[in-house]
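Fold and contact review
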Amino acid sequence: MEDDHLILVFKALSDPNRLAIVRALDCGEKCACELLEICAISQPTLSHHMKILRDCGLVHTRKLGKWSYYTLSCELLNDLKKTISKFSCLENSTH
């Protein structure tokens, strides 16, 4: 994963509402109406957060009727895991 993309993903995850959305989607696909209840935010606020999550590739959208359904991008999450696993933490390092 390139640094610019990694930065976008981490920025997206740094917001408490977006992190809550990602955690909710970890259980599977959710309708926007379910996310509104889970996160206790307004529809315009949800739309704003979903745009950021879609733009960085964390979330996919599927439209059905008047509702949008969201899922996590397993591909991006797996790339993120690989990238993070490359970081090393030396036991004897000083801070």
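Residues numbered from 1 in each chain as written. Predicted model: local features only at pLDDT ≥ 70, side-chain atom pairs only at ≥ 80, totals over all residues. Heavy atoms only, no water.

Of the regular secondary structure elements, the chain holds 5 helices and 3 strands. Sequence-ordered secondary structure for the chain, helices as α and strands as β, is α-α-β-α-α-β-β-α. Considering only C-alpha atoms, the chain reaches an extent of 55 × 25 × 25 Å along its principal axes. Buried positions account for 33% of the 95 residues belonging to the chain. Relative to all contacts within the chain whose residues are 6 or more apart in sequence, the contacts with residues 24 or more apart total 54%. Total accessible area on the chain is roughly 6,600 Å²; 54% of this is exposed by carbon and sulfur atoms. Both charge centroids of the chain, one from 12 positive and one from 12 negative side chains, sit 6 Å from each other. (Helix = DSSP H or I, 4+ residues; strand = E, 2+ residues; numbered from the N terminus. Buried < 20%, exposed > 50% of the residue type's maximum accessible area, 1.4 Å probe, protein only. Contact = heavy atoms within 4.5 Å. Areas by Shrake-Rupley, 256 points an atom, 1.4 Å probe, with all protein chains shown as cover. Lys, Arg positive; Asp, Glu negative; His and termini not counted. Charge placed at Lys NZ, Arg CZ, Asp CG, Glu CD.)

So, about the nonpolar core. Among the nonpolar cores identified, the biggest contains 22 residues, and I21, L35, L46, M50, L53, L58 and V59 are the most heavily contacted of them. Counting only elements with at least two residues in this core, the list comes to α1 (3-13), α2 (16-25), α3 (32-39), α4 (43-55), β3 (67-72) and α5 (74-85). With residues near it in sequence (within four places) discarded, I21 still touches L35, C39, L46, H49, M50 and L53. (Core = buried A, V, L, I, M, F, W, Y, C linked by side-chain atoms within 4.5 Å.)

It is worth spelling out the packing of α1 against α5 at this point. The geometry of a pair of packed helices is captured by two quantities: the angle between their axes and the separation between those axes. At their nearest, the axes of α1 and α5 sit 12 Å apart, and the two run at 105 degrees to each other. Our classification of the angle between α1 and α5 gives roughly perpendicular. Contacts between α1 and α5 involve H5, L6, V9, F10 and L13 from the former and L76, L80, T83 and I84 from the latter. For the contact of α1 with α5, the per-class residue count stands at 7 nonpolar, 2 polar and no charged. (Axes fitted to C-alpha atoms, helices over the stretch in contact; angles between N-to-C directions. Parallel < 35°, antiparallel > 145°, perpendicular 65-115°, else oblique. Nonpolar A, V, L, I, M, F, W, Y, C, P; charged D, E, K, R; others polar.)

Take the pattern of salt bridges next. Across all of its chains, the model carries 2 salt bridges by this definition. Across the pair R62 and E29 runs a salt bridge whose closest N-O atoms are separated by 2.8 Å. Note that R62 is positioned in strand β2 (residues 59-64) and E29 in the loop between α2 and β1 (30-31), a separation of 33 residues in sequence. Judged by its relative accessible area of 36%, E29 is partly exposed. Two residues, D55 and K51, come together in a salt bridge whose shortest N-O distance is 2.7 Å. Residue D55 and its partner K51 are both found in helix α4; the two are separated by 4 residues, about one turn of the helix. The class of D55 is exposed, set by a relative accessible area of 53%. (Salt bridge = Lys/Arg side-chain N within 4 Å of Asp/Glu carboxyl O.)

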